Amino acid sequence: MKELINARLRGKKELHRIKIINGKFTSIDVQHDYLDLPQHDGVFDAKGKLACAPFVEPHIHLDAALTAGEPNWNNSGTLFEGIERWGERKPMLNEEDIRNRVYQTLELLVENGVQHVRTHADTTDPSLIGVKTLCAIRDELKDKINIQVVAFPQDGLLSYEGGLDLMIEALEIGADVVGGIPHFEYTRELGEASVKKIIELAQKYDRLIDVHCDETDDANSRFLELLACEALFNKMGHRVTASHTTAMHSYDNAYCSKLFRLLKNSGINFVSCPTESIHLQGRFDTYPKRRGVTRVKELNAAGINVCLGEDSIFDPWYSLGNGKLLRTLDFALHICQMMGYQDFSTALSLITDNSAKTLCIEDVYGIEVGKPASFILLDGEDDYSVLRKQGEVLLSVKEGQTIMQREPAKVVTGKYF
Ligand code: 17E
Ligand code: FE2
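What counts and what doesn't
Residues numbered from 1 in each chain as written. Chains lettered and ligands numbered in written order. Predicted model: local features only at pLDDT ≥ 70, side-chain atom pairs only at ≥ 80, totals over all residues. Heavy atoms only, no water. Pairing = 2+ DSSP bridges. Helix = DSSP H or I, 4+ residues; strand = E, 2+ residues; numbered from the N terminus. Axes fitted to C-alpha atoms, helices over the stretch in contact; angles between N-to-C directions. Contact = heavy atoms within 4.5 Å. Donors = N, O, S within 2.8 Å, 3.2 Å for Na, K, Ca; no water. Tetrahedral: all angles 85-135°; square planar, octahedral: opposite > 155°, others 65-115°. Buried < 20%, exposed > 50% of the residue type's maximum accessible area, 1.4 Å probe, protein only. Near = heavy atom within 4 Å. Polar contact = N/O pair within 3.5 Å; in protein donor to acceptor, adjacent residues only side chain to side chain. Areas by Shrake-Rupley, 256 points an atom, 1.4 Å probe, with all protein chains shown as cover. Salt bridge = Lys/Arg side-chain N within 4 Å of Asp/Glu carboxyl O.

1. Considering the sheet that holds strand β8 (residues 146-152)
Alright, step 1. Here 8 strands make up an open sheet; going across it, the order is β6-β7-β8-β9-β10-β11-β12-β13 and the pairing parallel. Each edge of the sheet is formed by a strand with only one pairing partner; in this case those strands are β6 (55-60) and β13 (306-308). For this sheet, the mean inter-axis angle between neighbouring strands, taken without regard to orientation, is 20°.
Alright, step 2. Along the sheet face, helix α2 (residues 95-111) touches β6, β7 (114-122) and β8 and points at about 150° away from the line of β7.

What follows is the structure in structure tokens.
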């Protein structure tokens, strides 16, 4: 594509004409009139729809995707049974199996406007087949989709026998991000030691950090404060992400108030997976049942970077999911009570700009002159209208190349009224 005409941009009223040369945005100009150019090679008429930076999936477990029910279903709906069921599926993993499922899942993501993905790969498997295969796929597809691989010790970095050596091997193989799961280590002491180890490894190998942190309703699970404090003292906050942090839902407000000062000072990023957490958390409650989703609204209001991910697509933890981040966003706005006008008019940031910041890809992300010409076209005029109608992704362009185009579905019956 050489040119996009009659496009709307987020936060702006006017139509825009956007030129692309050699895969980069070279000009972005306000149009004073609707342009009626003859459709010729390389010109795409956005017809007043919203051009937006591509969606980013900042948290998904691709190694487990599409394995729900194999060999057994998660009947309790808890995180812990999910881990157990996955433990039964893990010995059945092989490269072909992983490749088949990962390609199918990536296809779903691309069809729905995603161009950047951060995936977790379980390291608590002596074969490390998930890490190896996901790193290989990342490299093979690097011109088609941007993938970051997190080395994620599902059964515990320090509690799983050999877990630390496997993590180191995963980093040597080339995982981009160091992961962790302190709330699932056998003891608080091991959880704390794991957080310190994660920081040490990230520094030694020069990697990012993304920790499954306090994914529980246990209000006493407070590894977040340690992660944030270590990130602050080591001046690496912008490279650190705390995922889930569902225990924060249950923290005492007085504690949270003190905690937020540290979170803000640390500059760390947050990922919430609202569909996953509303399903997995609250499972030990009777009534009233906690929502178990982290404080997205308050984090956002405090100027702390927070974004949304799907976590799962049809896996032992969550047996729905379809690659549609607009659905995840819809859930988040409801569950977190972000239903004000201002929330709606900036909502897409939670699945675009904020996620790009989490992935540390801001230098190549966004509709700006000089940056790679990557964007999506959404069926709507602004954040609010896209949300209201759950507008489809009509087009996905990566560095000037069209990678997906969709014909919107049409109602074909006559007028009813
Ligand atoms: N593993 C985990 O610890 N938590 C999750 N939400 C998923 C996998 C999906
Ligand atoms: Fe996760």
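From this point, the narrative continues.
2. Let's talk about the coordination of the iron ion (ligand 2)
Alright, step 1. Donor atoms from the polypeptide that coordinate the iron ion (ligand 2) comprise H59 (NE2), H61 (NE2), H212 (NE2) and D311 (OD), at 2.1 to 2.3 Å from the metal.
Alright, step 2. In this structure, the iron ion (ligand 2) is coordinated by 4 donor atoms arranged in irregular fashion, with angles at the metal of 82 to 177°.
Alright, step 3. Residue classification places H212 among the buried positions, given a relative accessible area of 2%.
Alright, step 4. Take D311: its relative accessible area is 2%, and that puts it in the buried class.

3. Quick look at the site of ligand 1
Alright, step 1. H61, L79, F152, Q154, I181, H212, E215, H244, E276, D311, S312 and W317 make up every residue found near ligand 1.
Alright, step 2. Residue Q154 places a side-chain N or O atom 2.7 Å away from a nitrogen atom belonging to ligand 1.
Alright, step 3. Between ligand 1 and E215 there is a distance of 2.8 Å, counted from a nitrogen atom to a side-chain nitrogen or oxygen.
Alright, step 4. In the complex, 100% of the free accessible area of ligand 1, which totals 260 Å², lies under the protein chains.

4. Quick word on the pattern of salt bridges
Alright, step 1. Applying the stated rule across the entire model yields 27 salt bridges.
Alright, step 2. Among the ionic pairs, D353 bridges to R10, the shortest N-O distance being 3.7 Å. Taken together, the residues D353 in helix α12 (residues 353-358) and R10 in the loop between β1 (3-9) and β2 (15-21) connect sequence positions 343 residues apart.
Alright, step 3. Where R99 meets E95, a salt bridge forms, and the shortest distance between an N and an O atom there is 2.8 Å. You can see R99 and its partner E95 sitting in helix α2, 4 residues apart, about one turn around the helix.
Alright, step 4. Residue class for R99 comes out buried when judged on its relative accessible area of 18%.
Alright, step 5. In the salt-bridge network here, residues are joined through shared partners; they are E70, R89, D97 and R101.

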